[in-house]
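Observations on chain architecture
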Amino acid sequence: MSLLIRNARVVTADSDAVCDILIDGETIAAIGKNLPVQADEVIDATGKIVVPGGIDPHVHLDMPFMGTFSSDTHETGTRAALHGGTTTVIDFVLQKQGHSLREALTEWQGRATGTAVGDYSFHMAVTDFNPTTKEEIKDMVAEGITSFKTFMAYKGALMIDDAQMVGLMQEVRKHGGLVTAHATNGDMIDTLIAQHRAAGKLTPRYHYLSQPEVTEAEASGRFSDIANYTGVNAYIVHLTCEGALNQVRRATERNQRVFVETCIQYLLLDASLYGEEFEGAKWVMSPPLREKKDQETLWAGINQGLVQVVGTDHCPFMWEQKQMGKDDFSKIPNGHPAIEHRMELLFSEGVNKGRISLQKFVEVSSTNAAKIFGMFPRKGTISVSADADLVLFDPEKKHTISAATHHMNVDYSGYEGWELTGKIDTVVLRGKVAVQDGETKVGRGYGQFIKRGPTIY
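Cut-offs applied
Residues numbered from 1 in each chain as written. Predicted model: local features only at pLDDT ≥ 70, side-chain atom pairs only at ≥ 80, totals over all residues. Heavy atoms only, no water. Helix = DSSP H or I, 4+ residues; strand = E, 2+ residues; numbered from the N terminus. Rg over C-alpha atoms; globule rule 2.2 N^0.38 Å. Buried < 20%, exposed > 50% of the residue type's maximum accessible area, 1.4 Å probe, protein only. Contact = heavy atoms within 4.5 Å. Areas by Shrake-Rupley, 256 points an atom, 1.4 Å probe, with all protein chains shown as cover. Lys, Arg positive; Asp, Glu negative; His and termini not counted. Charge placed at Lys NZ, Arg CZ, Asp CG, Glu CD. Phe/Tyr/Trp six-rings, centres within 6.5 Å; stacked < 30°, edge-to-face > 60°. Salt bridge = Lys/Arg side-chain N within 4 Å of Asp/Glu carboxyl O. Domains from an automatic or database assignment. Disulfide = S-S within 2.5 Å. Pairing = 2+ DSSP bridges. Axes fitted to C-alpha atoms, helices over the stretch in contact; angles between N-to-C directions. Polar contact = N/O pair within 3.5 Å; in protein donor to acceptor, adjacent residues only side chain to side chain. UniProt positions renumbered as here; feature names shortened; annotations may be inferred. Core = buried A, V, L, I, M, F, W, Y, C linked by side-chain atoms within 4.5 Å.

1. Observations concerning the overall build of the protein
Each helix and strand counted, the protein has 13 helices and 19 strands in total. Against the 2.2 N^0.38 benchmark of 23 Å for 457 residues, the protein shows a C-alpha radius of gyration of 21 Å, consistent with a compact globule. The principal-axis extent of the C-alpha atoms belonging to the protein is close to 70 × 50 × 45 Å. Out of the 457 residues belonging to the protein, those deemed buried represent 62%. When contacts within the protein are restricted to residue pairs at least 6 apart in sequence, those whose partners lie at least 24 apart make up 76%. Summed over its atoms, the accessible surface of the protein is roughly 16,200 Å², and 49% of this surface lies on carbon and sulfur atoms. For the protein, the distance from the average position of its 45 positive side-chain charges to the average position of its 58 negative side-chain charges is 3 Å.

2. Re the packing of aromatic side chains
Following the criterion strictly, the structure yields 14 aromatic pairs and no others. Relative to Phe373, the ring of Tyr235 lies with its centre 4.9 Å away and its plane at 65°, an arrangement referred to as edge-to-face. Of this pair, Tyr235 sits in strand E13 (residues 233–236) while Phe373 sits in the loop between helix H13 (358–372) and strand E16 (390–400), placing them 138 residues apart in sequence. In this structure Phe373 comes out as buried when scored by relative accessible area, which is 1%. Centre to centre, the rings of Trp319 and Tyr412 are 5.8 Å apart; their planes meet at 75°, and the pair counts as edge-to-face.

3. Considering the pattern of salt bridges
Taken as a whole and assessed by the stated rule, the structure comprises 35 salt bridges. Lys293 is the partner of Glu213 in a salt bridge, and the nearest nitrogen-oxygen pair spans 2.8 Å. Remark: Lys293 occurs in helix H10 (residues 292–304) and Glu213 occurs in helix H7 (residues 213–230); sequence separation between them is 80 residues. Overall, the relative accessible area of 25% leaves Glu213 in the partly exposed class. The salt bridge partner of Lys293 is Asp294, with a shortest N-O separation of 3.0 Å. Through salt bridges with shared partners, one network takes in Glu26, Asp119, Arg378, Lys379, Asp387, Asp389 and Arg430.

4. Focus: the domain arrangement of the protein
In terms of domains, the protein is made up of domain 1 (2–51 + 389–398 + 417–440) and domain 2 (53–373). When each unit is reduced to the centre of its C-alpha atoms, the spacing between domain 1 and domain 2 is 30 Å. Listed per partner, the contact involves 29 residues of domain 1 and 27 residues of domain 2. The interface formed by domain 1 and domain 2 contains two salt bridges. We note a salt bridge from Asp119 to Arg430, for which the minimum N-O separation is 3.0 Å. Where the side of domain 1 that touches domain 2 is concerned, the elements lending two or more residues are strand E1 (2–11), strand E5 (49–52), E16, strand E17 (419–429), strand E18 (432–436) and strand E19 (439–440). Among the elements that take part in the side of domain 1 that touches domain 2, E17 stands out by supplying eight residues, more than any other.

5. A look at the state of the cysteines
Enumeration over the complete set of coordinates arrives at zero disulfides. Of all cysteine sulfurs in the structure, the one in Cys315 sits closest to Cys263, which takes part in no disulfide; the separation is 11 Å. Overall, the relative accessible area of 0% leaves Cys263 in the buried class.

6. Things to note about the environment of Gly243
Tracing the backbone through its elements, the reader meets Gly243 in helix H8 (residues 242–252). For the pair Gly243 and Glu218, spaced 25 residues apart in sequence, the C-alpha separation works out to 8.3 Å. Contact partners of Gly243, with chain neighbours within four places excluded, come to Glu213 and Ala217.

7. What to know about the sheet that holds strand E15 (residues 309–311)
The strand order E6-E9-E10-E11-E12-E13-E14-E15 describes an open sheet built from eight strands, whose pairing is parallel. For this open sheet the edge positions go to strand E6 (54–59) and E15, each flanked by a neighbour on one side alone. Taken over all neighbouring pairs, the strand axes of this sheet differ in orientation by 30° on average, direction set aside. Relative to the sheet, H13 contacts E6, strand E12 (178–182), E13, strand E14 (258–263) and E15, its axis offset from that of E6 by approximately 70°.

8. Let's talk about the environment of Thr68
Along the polypeptide, Thr68 turns up in strand E8 (residues 68–69). Look at Thr68 and you get buried, because its relative accessible area is 16%. Between the C-alpha atoms of Thr68 and Thr87, which are 19 residues apart in sequence, the distance is 27 Å. The residues touching Thr68, leaving out its near neighbours within four places in the chain, are Met63, Phe317, Gln321, Met324 and Pro333. Of the polar contacts made by the side chain of Thr68, one reaches the side chain of Gln321; its length is 2.7 Å.

9. Describing the UniProt feature "modified residue: N6-carboxylysine" (unreviewed entry) in the protein
Listed under "modified residue: N6-carboxylysine" (unreviewed entry) in the UniProt record, and renumbered for this structure, are Lys149. Note on placement: Lys149 falls in strand E11 (residues 147–151). Once residues within four sequence positions are removed from consideration, Lys149 is found in contact with His58, His60, Phe92, Met124, Ala125, Val126, Thr180, His182 and Val237.

10. Topic: the side chain of Thr127
Along the chain, Thr127 falls in the loop between strand E10 (119–125) and helix H3 (131–142). Residue Thr127 is classed as buried on the basis of its relative accessible area, which comes to 2%. Side-chain polar atoms of Thr127 contact the backbone oxygen of Gln95, separated by 2.6 Å. In this structure, Thr127 is in contact with Gln95, Lys96, Gln97, Ala157, Leu158, Met159 and Ile160, ignoring residues within four places of it in sequence.

11. Some words on helix H12 (residues 342–351)
Most of H12 is tucked away: ten of the ten residues are buried. If you check which residues of H12 are buried, you get Arg342, Met343, Glu344, Leu345, Leu346, Phe347, Ser348, Glu349, Gly350 and Val351.

12. Here we look at the nonpolar core
Among the nonpolar cores identified, the biggest contains 111 residues, and Val51, Met124, Phe223, Ile264, Leu267, Leu346 and Phe361 are the most heavily contacted of them. Composition of this core by domain shows at least three residues from each of domain 1 (2–51 + 389–398 + 417–440) and domain 2 (53–373). Among all residues touching Leu346, those that are not within four sequence positions of it are Ile264, Leu267, Trp299, Val310, Val351, Ile356, Phe361, Val364 and Ser365. Counting residues in hydrophobic clusters, the runner-up holds 17 residues, among them Ile5, Ile23, Ile28 and Val50.

In structure tokens form, the structure reads like this:
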């Protein structure tokens, strides 16, 4: 099956030209002006911008957390991602303490295999690093799981200590992998949570006040220091604030490279949403939303090259699930739905408002993640032999975000009523039209597991 896209403005991280794209099977066969070819299907992309399929390297699908599960499955979550122009996601496998990495991987494979609509891969979250776990690292890398997440918070459930962190980093470095971190100071956060609860301060606002900027800045610096000592490739997930980014800036002064991901919500939303009403539970996530000055820092960090990736930390819960914490903020399931709106929000609020260039948009939404997580040049670019993962944008079309029309399996939106300019028209995944005019064209099980290699950034 062949597909020809004509008259497209094709934008990658390093190019911008009007041309045609010929797709043969699952990959791109030719790119050029006025290609003298025919195809089984032709799309006229006049007036459209075509960019590489988005890559969201931070999602939590069907994840067990705080006594419940995130509400998007690998089927519903990857379908919603496709509608938002994200063709590949990387989900997190969570090792249970006292159990092996293999057991955790088997559990997540059972949820994703044969159900995902879009392409996916896995990070491995190591919550119990011990001699047995150490021996499993090389096997995970050999199977294409080359990134290992650590939690510096959630003590007793997910958190590892610094001794385990050092051991993990040393072993991952030996096998050419990458270590990522949820970089917040768990002990300090737990202390502040206990103080607020003891004082009867139980509204969602105190979730925010229990995780001040210093908790993230300290942990980001500590993670960077340990990574520098071990020499491992290091990546901080969902970085939110000026203090944390300044720790990364400091690391560059000793010629260290620490990759940084922020998320779309931290660029656009702020802590004023945490009032005394329970409505603020919609935005209870960790780390929490920050201040306006932190938004300015993050946009600047993108343009300075300090922030390489914009993800989502997509971890949705139904409003009924959020009600678990209606009398105590510490019992609100942490998470926010965003997998479907990341690219349109970033285009409308970033490119259209002059905060970032179109090339930078492609970098932080796709190309950099592909390079950092070992999928480039199969993913993250538009080039001959790459997977034909393409997003056709109508840059002028206006639309409004609403829970009534989104495809995520969650009954509210963190961006309800936001008016955007720039809408996704068509999405192609591995050579097949996956979404067109708001309709899903591929079914359950079309998504493939993407085996990843080393960082090539």
